[in-house]
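So the chains spell out like this:
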There are 2 protein chains.
Amino acid sequence: MATPRTDPLTLEVVELIGTVVARYYEEYDEAAAAHSLTGAQARVLGLLSLEPMPMRRIAQKLKCEPSNVTGIVDRLEARGLVERGPDPADRRVKLAAPTELGARTAHQLRDSLTFAREPLAGLSDEDRRMLRDLLRRMLGEPGPSAG
Amino acid sequence: MATPRTDPLTLEVVELIGTVVARYYEEYDEAAAAHSLTGAQARVLGLLSLEPMPMRRIAQKLKCEPSNVTGIVDRLEARGLVERGPDPADRRVKLAAPTELGARTAHQLRDSLTFAREPLAGLSDEDRRMLRDLLRRMLGEPGPSAG
DNA sequence: AACCAGTTACTTGACAATATGAAATATTTA
DNA sequence: TAAATATTTCATATTGTCAAGTAACTGGTT
């Protein structure tokens, strides 16, 4: 296990990633707050705006207990952003889906995530491609060349 | 406002960063849980292991209300990981510092953050330098060439 | 020096949101 | 029928905000 724990270059990259993570969360919560949503609520609403899904799957995506999702969806439903409907294939399951208002809110939320866009605007296309490839390799994703 | 919201390359990089963020938090919380610490507790302990500081400064670093820090440090103190001491220069201030056990725990925690190291191990030195420079520019940091 | 107003640091209390885990209900599956 | 699954409810802990309270510092005045 000769992992290079003290390699200064690695440490610096780790710290930079930590900064990226912190700023990402900060901006995400700010954007959510601008719509009077908590971070968790915004995340669930964003998930559902891509695709309605059962409560259990939300819990899996969020990596939390299903009982926790009940409360979050309750609050979103109370605000008219999400609706619970039956699953025709399984009467135990409840499918959560955004209302029209919820879909609009999710769209606005996505638009207001400036962090993603603005700093990247400072990079050239070439830079962005490079960054994409490095992140892909870091995450162990195959990338299109392997597909 | 001609922000390129739909530029596919930008969107992909944004999504990759989102994945990095998610994995970072996941591993951080796992590492913390392995020491029976919550994420917030681990973050505060990590902060203090770099440098003891007043309660207020912890709140600033965490971007939360000082009253919140009181509870987190209370719990860390109850477990013998952190101690509150007086600030000789200002008797209103309480300096939080890790105990020896706390310092050891923080060190182990840092060591178990494999996400930081392992994926980076898949990158060459050249790659890491490139990633560092791109992240730096993305974050609007000057970098050493400007220092 | 003493005093007083305003500010600052921290804590406490009330409350909401998030999170877990155990137990209950309804439904599906074998 | 028995076991497993999806969801909810309840008890409880943590995290977070805000308002109020206490202690201590600061600056300006005598």
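Placed above this text is the structure.
So, here's what we can say about the structure. Being a predicted model, the structure only gives us computed values, none of them experimental.

Rules used in this analysis
Throughout this description, residue numbers start from 1 for each chain and increase along the sequence as written. Lettering for chains starts from A, numbering for ligands starts from 1, and both go in the order in which the items are written. Reporting in this predicted model follows two pLDDT cut-offs: at least 70 for local features of residues, and 80 or more for side-chain atom pairs to be given and counted; totals over whole chains, interfaces and linings ignore these cut-offs and use all residues. The side-chain figures draw on all heavy atoms in the structure; neither hydrogens nor water molecules are used. Lines fitted to the C-alpha atoms define the axes, with helices restricted to the stretch that makes contact. Angles between their N-to-C directions range from 0 to 180 degrees. Put simply, DSSP marks the helices as runs of H or I at least four residues long and the strands as runs of E at least two long, and each gets a number from the N terminus on. Angles are sorted into four bins: roughly parallel if under 35 degrees, roughly antiparallel if over 145, roughly perpendicular if 65 to 115, and oblique for all others. Note on contacts: a residue pair qualifies if any of its non-hydrogen atoms lie within 4.5 Å across the two residues. Whether a residue is near a molecule or strand depends on its heavy atoms: if one lies within 4 Å, it is near. Polar contact is defined as a pair of N or O atoms within 3.5 Å, subject to the rule that within protein one atom must be able to donate a hydrogen and the other to accept it, and that residues adjacent in sequence are counted only when both atoms are side-chain atoms. Any residue outside Ala, Val, Leu, Ile, Met, Phe, Trp, Tyr, Cys, Pro, Asp, Glu, Lys and Arg is labelled polar, Gly included; the first ten of those are nonpolar and the last four are charged. Any Lys or Arg side-chain nitrogen found within 4 Å of a carboxyl oxygen on Asp or Glu counts as a salt bridge. Summary of the burial criterion: residues with accessible area below 20% of their type's maximum are buried, those above 50% are exposed, and those between are partly exposed, where the area comes from a 1.4 Å probe applied to protein chains only. Alignment of the copies relies on least squares applied to C-alpha atoms, considering only residues that score at least 70 for pLDDT in both. Helix crossings get a hand from a simple test, with the near helix turned counterclockwise from the far one by less than a right angle marking a left-handed crossing and a clockwise turn marking a right-handed one. Each of two parts loses accessible area, computed with a 1.4 Å probe, when they are put together; buried area is these two losses added.

### Some details on the packing of helix α2 (residues 39-50) of chain A against helix α5 (residues 100-111) of chain A
All names here are of chain A.
Now for step 1: Where α2 contacts α5, the axes come no closer than 9 Å and their chain directions differ by 110 degrees. The pairing of α2 with α5 is recorded here as roughly perpendicular in orientation. The segment α2 lies against α5, with Ala42, Leu45, Gly46, Ser49 and Leu50 engaging Gly102, Thr105, Ala106, Leu109 and Arg110.

### A look at the protein's contact with DNA strand D
Now for step 1: What surrounds DNA strand D is a group of 22 residues, the closest being Arg56 and Arg84 of chain A together with Thr38, Ser67 and Arg75 of chain B.
Now for step 2: Between Arg84 of chain A and DNA strand D, the recorded distance is 2.6 Å, taken from a side-chain N or O atom to a phosphate oxygen.
Now for step 3: Side-chain polar atom of Arg75 of chain B to a phosphate oxygen of DNA strand D: 2.5 Å apart, as the coordinates give it.
Now for step 4: Per-class residue counts for the surface near DNA strand D are seven nonpolar, six polar and nine charged.

### Considerations on the protein's contact with DNA strand C
Now for step 1: Around DNA strand C sit 23 residues in total, of which Thr38, Glu65 and Arg75 of chain A together with Arg56 and Arg84 of chain B are the nearest.
Now for step 2: Between a phosphate oxygen of DNA strand C and a side-chain N or O atom of Arg91 of chain A, the distance comes to 3.1 Å.
Now for step 3: Within the contact set of DNA strand C, a phosphate oxygen lies 3.1 Å away from a backbone nitrogen or oxygen of Lys94 of chain B.
Now for step 4: Counting residues per element, the surface near DNA strand C draws most heavily on helix α4 (residues 66-78) of chain A, at four residues.
Now for step 5: Here the residues of the surface near DNA strand C are counted per class, giving seven nonpolar, six polar and ten charged.

### A closer look at the pattern of salt bridges
Now for step 1: Across all of its chains, the model carries 20 salt bridges over all chains by this definition.
Now for step 2: Among the ionic pairs, Glu51 of chain A bridges to Arg57 of chain A, the shortest N-O distance being 3.3 Å.
Now for step 3: We classify Arg57 of chain A as partly exposed; its relative accessible area is 30%.
Now for step 4: Measuring nitrogen to oxygen at the nearest pair gives 3.0 Å for the salt bridge that ties Glu77 of chain B to Arg84 of chain B.
Now for step 5: In this structure Glu77 of chain B comes out as partly exposed when scored by relative accessible area, which is 31%.
Now for step 6: Each of the salt bridges in this network shares a partner with another, and the network as a whole consists of Glu12 of chain A together with Arg132, Asp133 and Arg136 of chain B.

### Details of the relation of the copies chain B and chain A
Mapping between the two copies of the chain is achieved by a rotation about an axis and a shift along the axis.
Now for step 1: It takes a turn of 179 degrees to lay chain B on chain A, together with a shift of 0.1 Å along the axis; the resulting RMSD is 0.2 Å. In the structure described here, the two chain copies are related by an operation that fits a two-fold rotation axis. Of every C-alpha in chain B, the one belonging to Val21 of chain B sits nearest the axis of rotation, 2.7 Å from it.
Now for step 2: Mapped onto chain A, 100% of the interface residues of chain B again fall at the interface, so both copies present the same surface.

### Notes on the packing of helix α2 (residues 39-50) of chain B against helix α3 (residues 55-62) of chain B
Think of two packed helices as two axes; the pair is described by the angle between the axes and how far apart they sit.
Residues and elements named next belong to chain B.
Now for step 1: The N-to-C vectors of α2 and α3 enclose an angle of 120 degrees; their axes lie 11 Å apart at closest approach. Between α2 and α3, the interaxial angle falls into the category oblique. Viewed along their axes, α2 and α3 form a crossing whose handedness is right-handed. Between α2, through Val44, Leu47 and Leu48, and α3, the contact on the second element is made entirely by Ile58, Lys61 and Leu62.
Now for step 2: Residue classes in the contact of α2 with α3 are distributed as five nonpolar, no polar and one charged.

### Points about the side chain of Arg136 of chain A
Now for step 1: With respect to the helices and strands, Arg136 of chain A occurs in helix α7 (residues 125-138).
Now for step 2: Arg136 of chain A gets classed as buried once you look at its relative accessible area, which sits at 10%.
Now for step 3: Side chain to side chain, Arg136 of chain A and Glu12 of chain B meet in a polar contact 2.4 Å long.

### Section: the interface of chain B and chain A
When the parts of a complex come together, some accessible area is lost, and that lost area is often taken as the interface size.
Now for step 1: Between chain B and chain A, the contact holds 40 residues from the first and 40 residues from the second.
Now for step 2: Buried area between chain B and chain A, both sides added, is near 4500 Å², and the carbon and sulfur share of it is 75%.
Now for step 3: Scanning the region where chain B abuts chain A turns up seven salt bridges.
Now for step 4: Notably, a salt bridge pairs Glu12 of chain B with Arg132 of chain A, separated by 3.8 Å at the nearest N-O pair.
Now for step 5: Where chain B meets chain A, there are six residue pairs in polar contact (both at pLDDT 80 or more).
Now for step 6: Going through the elements one at a time, α1 (8-33), α6 (114-121) and α7 (125-138) of chain B are the ones with two or more residues in the side of chain B that touches chain A.
Now for step 7: At 15 residues, the largest contribution of residues to the side of chain B that touches chain A is made by α1 of chain B.
Now for step 8: Looking at side-chain class alone, the side of chain B that touches chain A contains 20 nonpolar, four polar and 16 charged residues.

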